[in-house]
Amino acid sequence: MPAQKRHKTAYPGVYFIKGTAAGTKKKEKIYYIMYRKNGKQVHEKAGRQFQNDMTPARAAQIRVQRMQGSLSNREKREAEKARKKAEAGKWTIDKLWEAYKNNKPDLKGIVTDENRFQNYIKPQFGDKEPDNIIPLDVDRLRLKLLKTKSPGTVKNVLELLRRVINFGIKKSLCKGLGFTIEMPKVNNQKTEDLTTEQLSNLLKAIEEDSNLHAANMMKMALFTGMRRGEMFKLKWKDIDFDRGFIHLRDPKGGPDQNIPLSDEAKRILETHIRTDSEQVFPGRGGRQRTDIKHQVNRIKERAGLPKDFRALHGLRHVYASMLASSGKVGLYTLQKLLTHKSPVMTQRYAHLRDEALKKASDLAGDIINQAVQQNDNVVGFENIKKKG
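Residues numbered from 1 in each chain as written. Predicted model: local features only at pLDDT ≥ 70, side-chain atom pairs only at ≥ 80, totals over all residues. Heavy atoms only, no water.

**Q** Got a sec to walk through the sheet that holds strand β5 (residues 239–240)? Specific residues and values, please.
**A** Pairing within the open sheet is antiparallel, and its three strands lie in the order β5-β6-β7. Each edge of the sheet is formed by a strand with only one pairing partner; in this case those strands are β5 and β7 (257–260). Bridging between strand β6 (residues 245–248) and β7 involves four bridges; their strand directions are antiparallel. Bridging across to β7, Phe245 finds its partner in Pro260. (Pairing = 2+ DSSP bridges. Helix = DSSP H or I, 4+ residues; strand = E, 2+ residues; numbered from the N terminus.)

**Q** Go over the environment of Ile299, please, and point to the residues and values.
**A** Among the secondary structure elements, Ile299 is positioned in helix α11 (residues 293–302). For Ile299, a relative accessible area of 0% puts it in the buried group. For the pair formed by Ile299 and Asn211, sequence separation is 88 residues and the distance between their alpha carbons is 9.5 Å. (Buried < 20%, exposed > 50% of the residue type's maximum accessible area, 1.4 Å probe, protein only.)

**Q** Could you give an account of helix α6 (residues 151–170), with specific residues and numbers?
**A** With 20 residues, α6 extends 28 Å from end C-alpha to end C-alpha; this agrees with the ideal 28 Å at 1.5 Å per step. Along α6, the positions that sit buried rather than exposed are Gly152, Val154, Val157, Leu158, Leu160, Leu161, Val164, Ile165, Phe167 and Gly168. Against α3 (93–103), α4 (110–125) and α5 (135–146) lie the buried residues of α6. Phi turns positive one or two residues past the end of α6, at Ser172, with a value near 60°. (Expected span 1.5 Å × (residues − 1). Contact = heavy atoms within 4.5 Å.)

**Q** Tell me about the pattern of salt bridges, residues and numbers included.
**A** Applying the stated criterion across every chain, the model contains 20 salt bridges. Across the pair Asp113 and Arg163 runs a salt bridge whose closest N-O atoms are separated by 3.0 Å. Residue Asp113 is located in helix α4, and its partner Arg163 is located in helix α6; the two are separated by 50 residues in the primary sequence. Its relative accessible area of 30% is what places Arg163 among the partly exposed residues. Salt-bridge contacts for Arg227 lead to Glu230; the nearest nitrogen and oxygen are separated by 2.5 Å. For Arg227, a relative accessible area of 11% puts it in the buried group. (Salt bridge = Lys/Arg side-chain N within 4 Å of Asp/Glu carboxyl O.)

Have a look at this one:
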């Protein structure tokens, strides 16, 4: 292609060539600047007359900037290319999270973790590498979240951050933090219980409610101690009516387990309406249910239960509390019924068990005292007879 004619302008080192605008074929000027850098003559395109709204004066300003040390377009492109290459080699928190998810396709609780990451971790640390995070950064996030979130929620967010970083370290993708993340103190030892009157009111409200799924799920929580998620996943094939067992799928992220199918739970399930769905408590379209909060809370409110009582999980605590306070169920058995991974979780009910044992011990004392009293009465009667 032959060289195009250069046309001088009133500004030194600025010239233009004639061209046509893309699309419109309209004639326009294409401005160039000319300057020396490192002893070499440089010709650089400054911009088009219409497309870039370029004028000789603006081109002259660009020329001055180049002569004073600012990067040329070519240098900018090379710098951007180098930056992207460097970025590709960086293992930021954002990039580590994507790798973590890809490495664990069957990760339990992924929806919850994804929300925590997108809402709280990414805005603060997404573009940072772990070794560039300082304690003050984490402190700011923790204190900010504690203003509106519970300590348990904040702890879950920080544990997710730590989990992602530890994954990167284990896979030799990044360096670790130079400090230990300080977790907020959480008191998770909440044990909900109901008085006899409250329990009676609840059972009445359950029987009167029109939503059979909500009513029977609350009954199952009360008579088996099953978690909400376990009932959501429950399928008809998981229930062994003959041998009297319920097969739990992934209880709290652990291995599948079996729990006894009590007589009352069996009666509930035998009278429960079955649909074409394989789920016992199906959601829309027969698929696995994901929520029933509105329905069970309606029953809870009608029963007049405290606002902070959790309609399903609270009944799991009621189930455990009743067994522990009966004095007939040991903590090890209770741990197995509740599918707790560790006895530490079951220990919250120990005081109820202790109270039941104390009552049993006191009962023994009462029986002995009663026997002694009866013996004293007999001896007294015999002495009276002798005197007579």
